[in-house]
Amino acid sequence: MPKVFLKKLNARLQGGHPWIYENEIGRVEGDYENGDLVDVFRPDGSFFGKGYVNDRSLIRVRLLTRKNEKIDEVFFEERIKRALELRKRLVKDTDAFRVVHSEGDFLPGLVVDKYRDYLVVQFTTLGMEKLKEKVIDSLLKIFEPAGIYEKSVGSFREKEGLQDFEGWIYGNGPELIEFEMNGLKFLADLKGQKTGAFLDQRENARMVIDFSDGKVCLDVFSYTGNFAAHLLRGGAKHVTLIDYSERALEVAKEILMMNGFEGKFELINANAFDLLKVFDKDGKVFDLVVLDPPSFAKSAKSLENAKRGYKEVNLRAVRVLKKPGILVTSSCTQVVSEETFKEILVEVSQDTKTILTVLKRGGQPSDHPVTLNIPETNYLKFFILQVEKR
Ligand SMILES: C[S@@+](CC[C@H](N)C(=O)[O-])C[C@H]1O[C@@H](n2cnc3c(N)ncnc32)[C@H](O)[C@@H]1O
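Conventions and cut-offs
- Residues numbered from 1 in each chain as written.
- Predicted model: local features only at pLDDT ≥ 70, side-chain atom pairs only at ≥ 80, totals over all residues.
- Heavy atoms only, no water.
- Axes fitted to C-alpha atoms, helices over the stretch in contact; angles between N-to-C directions.
- Helix = DSSP H or I, 4+ residues; strand = E, 2+ residues; numbered from the N terminus.
- Parallel < 35°, antiparallel > 145°, perpendicular 65-115°, else oblique.
- Left-handed = near helix turned anticlockwise from the far one by under 90°.
- Contact = heavy atoms within 4.5 Å.
- Nonpolar A, V, L, I, M, F, W, Y, C, P; charged D, E, K, R; others polar.
- Near = heavy atom within 4 Å.
- Polar contact = N/O pair within 3.5 Å; in protein donor to acceptor, adjacent residues only side chain to side chain.
- Areas by Shrake-Rupley, 256 points an atom, 1.4 Å probe, with all protein chains shown as cover.
- Buried < 20%, exposed > 50% of the residue type's maximum accessible area, 1.4 Å probe, protein only.
- Pairing = 2+ DSSP bridges.

## Digging into the packing of helix α2 (residues 73–90) against helix α4 (residues 132–143)
Line of reasoning, step 1. In contact at an axis separation of 8 Å, α2 and α4 are set at 50 degrees when each is read in the N-to-C sense. Comparing the axis directions of α2 and α4 gives the class oblique. The handedness of the crossing between α2 and α4 comes out as right-handed. Between α2, through E73, F76, E77, I80, K81 and L84, and α4, the contact on the second element is made entirely by K134, V135, D137, S138, L139, K141, I142 and F143.
Line of reasoning, step 2. Looking at side-chain class alone, the contact of α2 with α4 contains 7 nonpolar, 1 polar and 6 charged residues.

This is how it looks when you write it as structure tokens:
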């Protein structure tokens, strides 16, 4: 096994963070290929941990364990069972949940979502890709699924030197997998985004049920209508969904019809930024607006851009709200902290001469664990705000 020696031990690494950056490495003994397992040693030569290496990434090594143990099926079985144990008491009212959330479950580079009897897996790093067989063997043993779909697609793959891949790697199943959440029927679209659905909004979406009775609502960046379905379940009079993915809206229609919401929604295939501007110009107003935009920055380099994006879209949403009205707003951009997000919202309130009162706050559900020692596991911010004229 190749040996990687740390230059020095810092508080972050000592405190349990699994990433070793290029400039934290002193020397390397032995040859390796990118993606191989390596043993990591402290500067004094004592064993520190085991992980996988990739020279293409600034995060040179991602640690899998601090113990000198074998990385085999048994290792993955133990890690996955630990993750399942955490979820047992906390994941409620659904037959779909995230089984493995990468670093949040001490399995960097691996995402596993379960939709009823099916698993959808995502390998985001070369190191984890090389361990695929062991991962899949342990998943088969634990879950005995009807099928495993691999959806390893995204820009992160290219950075690691990997090509996109998607398809059934075990068994077979439908393109749209039915599942239930908060008493509603949903479909995970394997040809859609993420692993098919945005499971991270499950608890936040449930919160909107209490605010939608009799309301005329707008679900901006709707994807397949997760928030829209919850709003209608809460008794919303009507919901308009906006997304620029035509396919997402087709699936949204199917989902809303499956739940008996015929005639209570409108689907608009458009760029949300442009359409909100048009609504504002035409004087169109809503009682409640949901904003769930995509991530606006992949790294700290684009933080300023992301801040501008959030300001712009929240401004436009507040402009099309009746006052008082309700703004449901979220940010999934990891580099935008909750503090920064709140500062942006305060700027929006100043520019629109409104007062924003927090009615509910949310975040990631427990199947997308936030580990305090790994700040990067914390990405989702969510507020339900009362918007009033100042
Ligand atoms: C984070 S997802 C929304 C997830 C959804 N709220 C849910 O809970 O399932 C963001 C969505 O925004 C859409 N989108 C991205 N940029 C857009 C734009 N400029 N205009 C309209 N839709 C956009 C994407 O197609 C995607 O469906």
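## Notes on the site of the ligand
Line of reasoning, step 1. Surrounding the ligand, one finds 18 residues, the nearest of these being Q193, N226, D243, A272 and D292.
Line of reasoning, step 2. The side chain of Q193 places a nitrogen or oxygen atom 3.0 Å from an oxygen atom of the ligand.
Line of reasoning, step 3. In the model, a nitrogen atom of the ligand is placed 3.4 Å from a nitrogen or oxygen of the N271 side chain.
Line of reasoning, step 4. For the ligand, whose free accessible area comes to 610 Å², the fraction covered by protein is 94%.
Line of reasoning, step 5. Taken together, the elements giving at least two residues each to the shell around the ligand come down to α7 (226–233) and α9 (272–282).
Line of reasoning, step 6. Classifying every residue of the shell around the ligand by side-chain character gives 10 nonpolar, 6 polar and 2 charged.

## Concerning the side chain of R98
Line of reasoning, step 1. Among the secondary structure elements, R98 is positioned in strand β7 (residues 96–101).
Line of reasoning, step 2. The class for R98 is buried, based on a relative accessible area of 6%.
Line of reasoning, step 3. In this structure the side chain of R98 is engaged in a polar contact, spanning 2.7 Å, whose partner is the side chain of D113.
Line of reasoning, step 4. Apart from the residues lying within four places of it in its own chain, the contact partners of R98 are R87, V111, V112, D113, T195, L199, D367 and H368.

## Here we look at the sheet that holds strand β5 (residues 47–53)
Line of reasoning, step 1. Spatially, β2-β6-β5-β4-β1-β3 is the arrangement adopted by the 6 strands of the open sheet, whose pairing is mixed. Edge positions in the sheet fall to β2 (19–21) and β3 (25–29), since each has one partner strand and no second. Neighbour-to-neighbour, the strand axes of this sheet turn through a mean angle of 35 degrees, independent of strand direction.
Line of reasoning, step 2. Pairing between strand β1 (residues 3–6) and strand β4 (residues 37–41): 3 bridges, direction parallel. In the strand pairing of β4, K3 is matched with D39.

## Quick look at the sheet that holds strand β9 (residues 118–123)
Line of reasoning, step 1. Sheet architecture is open: 5 strands sit in the order β7-β8-β9-β10-β11, paired in mixed fashion. In this open sheet, the two edge strands, each paired with only one partner strand, are β7 and β11 (165–171). Shown here is a sheet whose adjacent strand axes are inclined to one another by a mean of 20 degrees, direction ignored.

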